[in-house]
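Okay, here's what each chain looks like letter by letter:
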Amino acid sequence: MDWTALNVSLQLGFWTVLLACPLGLALARLLAYRRFPGRRIVEATLAMPLVLPPTVIGYYLLATFGRDAAPGRLWESLTGHPLAFTFEGLVAASIIANIPFAIQPVQRAFEAIPREVREAAACSGMTPWTAFWRIDLPLAWPGIVTALVFVFAHTLGEFGVVLMVGGNIPGATQTLSIAIYDRVQAFDDAAAGQMALFLLAFSFLAIAAILTLSERIGRRHG
Amino acid sequence: MDDIATRAAARIGEDTALNARMRQAQPIPLNITLHCAAGELLALVGPSGSGKSTILRAIAGLVRPHEGRIACAGAVWLDTDRGVHLPPHRRPVGIVFQSYALFPHMTALENVASALPPGTEGRSERMHEATRLLARVHLEGLEARRPSELSGGQQQRVALARALARRPAILLLDEPFSAVDEATRKRLQSELLSLRRDLSIPILLVTHSLEEASLLGDRLCLVHRGRGLQTGAPADVIGRPRTAQVARLVGHTNLFEGQIESVGAAGRPTILRWAGHRLEVAHRPDHAAHPPGARIRWLIPPDRILLHQRVRPSRGEKENPVEAEIESLLAIGALVRVTLRVAGEANPLALHLPAHVVERNSLRVADRIGVSLLARAIHLMPA
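Definitions and limits used
Residue positions are counted from 1 within each chain, in the order its sequence is given. By the order in which they are written, chains take letters starting at A while ligands take numbers starting at 1. Where local features are concerned, this predicted model is filtered to residues with pLDDT of at least 70; where side-chain atom pairs are given and counted, the filter is 80 or more; whole-chain, interface and lining totals use all residues. Only hydrogens and water are removed before side-chain values are computed, so all heavy atoms of the structure are retained for them. We count a stretch as a helix when DSSP gives it H or I for four or more residues in a row; a strand needs E for two or more, and each element gets its number in order from the N terminus. Any residue under 20% of the maximum accessible area for its type is buried, any over 50% is exposed, and the rest in between are partly exposed; the area is computed with a 1.4 Å probe on protein chains only. Any pair of residues with heavy atoms lying within 4.5 Å of one another is described as a contacting pair. Positive charges come from Lys and Arg alone, negative charges from Asp and Glu alone, with His and the N- and C-terminal ends not counted. Charge placement uses NZ in Lys and CZ in Arg. For Asp and Glu, CG and CD serve respectively. Using a 1.4 Å probe, buried area is obtained as the accessible area two parts lose upon being combined, added over both of them. Here, a salt bridge means any Lys or Arg side-chain nitrogen found within 4 Å of an Asp or Glu carboxyl oxygen. In protein, a polar contact means a hydrogen-donor-capable atom and an acceptor-capable atom, both N or O and within 3.5 Å, with residues adjacent in sequence counting only if both atoms are side-chain atoms; elsewhere, any N or O pair within 3.5 Å suffices. Only Asp, Glu, Lys and Arg are considered charged in this grouping, and only Ala, Val, Leu, Ile, Met, Phe, Trp, Tyr, Cys and Pro are considered nonpolar; every other residue, Gly among them, is considered polar. Here, nonpolar core means buried Ala, Val, Leu, Ile, Met, Phe, Trp, Tyr and Cys residues that are tied together by side-chain atoms lying within 4.5 Å of each other. Buried and open spaces are told apart on a 1 Å grid over the protein atoms alone, a cavity being a set of points where a 1.4 Å probe fits but cannot get out and a pocket being an open set with protein on both sides within 12 Å along at least five of seven lines. Residues with an atom within 4 Å of a point are the lining residues. Grid points are joined across faces, edges and corners, and a volume is the space filled by probe spheres set on the points. Strand pairing follows a simple DSSP-based rule, namely that at least 2 bridges must link the two strands. Inter-axis angles, ranging from 0 to 180 degrees, are taken between N-to-C directions of lines fitted to C-alpha atoms, where helices are fitted over the stretch in contact.

Draft legend 1. Representation of the overall build of chain B within the structure. For chain B, the helix and strand inventory stands at 10 helices and 21 strands. Judged by the C-alpha coordinates and their principal axes, chain B covers about 80 × 45 × 35 Å. The buried share of chain B, reckoned over its 383 residues, is 51%. A sequence separation of at least 24 residues applies to 66% of the contacts in chain B between residues at least 6 apart. Distance between charge centres in chain B, computed from 49 positive and 38 negative side chains, equals 3 Å.

Here is the structure:
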């Protein structure tokens, strides 16, 4: 087992969940409740990472993060080091690649709340902020948990984007899924098998957890 | 605190009524002015899609009419001229939705407690108050149930208790009885009638049922395509519709055209020409609106037409006698709806007779009979 790679993977998962999920929640709520011109276009753009090959996302992000592009230059002038082939760059790429997973389950959950229930909250004297905490969030909770687990699990398994943007630097950008590829290339099948089994077990547990949790919450809400 | 203070001040004062005026062309046309006094129940009646629910939602602040002014309990909630539009949570309204819209993740008690005004201090105080409100709608013992564990009627009661929990300045009821069975509806309706005796706030009820509106409403407002066609006591709107359109919407079928021959005065009837007949119409002051020679519409309720008994003629037969041929006989419960073909009139004239009268006079299709149109039951409307 490559503990360094596992550590990079877990850190990447942690930061991606921490940053992508609140962003996804805000965007999901906006897309679920607001009707504005160009909403479909925004929705389609945010869903693009679902259908694009990861190497294509990775390629464009690499181009954006580089010294020749404005975002890359801005980051370097602010922090003093480049964005491409660093852990920070990896987190930024991971957030972008995972945004559909952070949005879609939450958006579906918000959309499933009947309009009259939200209106009843307002007519019961709740401010939009109170209604969000007391009505929207508890009712959308299964969707939010699904998004959290999906984003974390998907980050652990991401390969193409990570390789393109982060390269393969042990201790900085080499994640577990890349370490597996690395081991196979080096004919170290035993180590690759170990790590693959770990990811397999983790993914299985994640899906089982989502199913159990959403069933339990579904029962509670009836 | 300011809100509560102004509301209390308004309560003490006289201006606890609702005064609303709203107008828009899109997306749902509205053009209506409403007044509902404190303690009064005003029923908005109309077919589905007439805009009556939108009117209620506009008062609650859930939709914003393009133009209008809504004032209630001494406060202005909407004034498009001055750019005032209070959001729903700042308008003290209690609303019961057609779907009840209870919070599915909360118990009945929590649903009610969630709407208590911020002044209610402490958890035990809030729970005590919510329990009291649930008892008021006869739900003792069901406090811990979630909405999914309650029947439709029980859910409606929780919704009503939640609406009252806010100590609203107005109660808005959007088709609250449409999703329950007949027996439950009757019970909930009589409970509302007894509950409202203690409520000194305006109550607005939206319903598509004229019967329900007449049963529960002090006044009703007939809404059609977002317009208030006629407002008044239920008996007046139904018995004395202002136009033929209102007459049709409240279910009148004996609607005919005629011409005024002469306008009556006290003790002298107005004379109406119709299909070769000269009908006497008991004079009313509003007949002055129809000058002699004017073409008008008139109606007569089917239960205000008398059959000339074949076996035992009587003196009443002199009152507006009309000869006609029976077109159809249709039994509706203990009554028979008899439609008549009158020479010179394209539309049938209907009357309701008890089944035993039809039998005793052995009425059959194509028989010629005589009827009297009661002079006091004929109602005139502009053409």
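Draft legend 2. Focus on the environment of L199(A). Along the chain, L199(A) falls in helix α10 (residues 189-221). When residues no more than four places from it in sequence are discounted, the contact partners of L199(A) are L156(A), L176(A), S177(A) and I180(A).

Draft legend 3. Structural context of the environment of G171(A). Residue and element names in this part refer to chain A. One can find G171 in the loop between α8 (160-166) and α9 (176-185). Between the C-alpha atoms of G171 and F204, which are 33 residues apart in sequence, the distance is 26 Å. Sequence-distant contacts of G171, that is, excluding residues within four places in its chain, are made with T4 and V8.

Draft legend 4. Region of the structure containing the interface of chain B and chain A. Contacts between chain B and chain A engage 22 residues on the former and 20 residues on the latter. Summed over both sides, the interface between chain B and chain A buries roughly 1,800 Å², with carbon and sulfur atoms accounting for 62% of that surface. Looking only at chain B, the three residues that lose the most surface to chain A are H89(B), F103(B) and H105(B), adding up to 32% of its buried area. Put simply, chain B and chain A have one salt bridge between them. Notably, a salt bridge pairs E119(A) with R57(B), separated by 2.7 Å at the nearest N-O pair. Scanning the region where chain B abuts chain A turns up five residue pairs in polar contact (both at pLDDT 80 or more). Residues belonging to the side of chain B that touches chain A are distributed by class as follows: 12 nonpolar, six polar and four charged.

Draft legend 5. The nonpolar core, seen in detail. The biggest cluster of nonpolar side chains holds 57 residues, and the ones touching the most others in it are L34(B), I59(B) and L204(B). With eight residues, the single largest contributor to this core is helix α7 (residues 128-157) of chain A. Core analysis: the next-biggest nonpolar cluster, separate from the first, contains 46 residues, A113(B), L139(B), L192(B) and L222(B) among them.

Draft legend 6. The arrangement of empty space enclosed by the protein in detail. In the structure shown here, the tally under the stated rule is two cavities of 30 Å³ or more. Its volume calculated, the largest cavity comes out at about 60 Å³. Residue lining of the largest cavity: A120(A), C123(A), S124(A), V93(B), G94(B), I95(B), A115(B), R162(B), A163(B) and R166(B), and that is the complete set. Only α6 (115-123) of chain A together with β7 (93-96) and α5 (152-165) of chain B provide two or more residues apiece to the lining of the largest cavity. Tallying contributions element by element places β7(B) first for the lining of the largest cavity, with three residues.

Draft legend 7. Examining the sheet that holds strand β16 (residues 305-307) of chain B more closely. Residue and element names in this part refer to chain B. Taken in spatial order, the five strands of this open sheet run β16-β20-β17-β18-β19, and their pairing is antiparallel. With one partner strand each, in any of the chains shown, β16 and β19 (349-354) form the two edges of the open sheet. Pairs of neighbouring strands in the sheet enclose a mean axial angle of 50°, with direction left out of account. As judged from the seven bridges shared by strand β17 (residues 321-332) and strand β18 (residues 335-341), these two strands associate in the antiparallel manner. Bridging from a neighbouring strand, L330 pairs with R337 of β18.

Draft legend 8. Molecular detail of the side chain of E158(A). Residues and elements named next belong to chain A. Mapped onto the fold, E158 is located in the loop between α7 and α8. Polar contacts involving the side chain of E158 include one to the main-chain amide nitrogen of G160, which spans 3.4 Å. Excluding anything up to four places from it in sequence, E158 contacts P54, T175 and S177.

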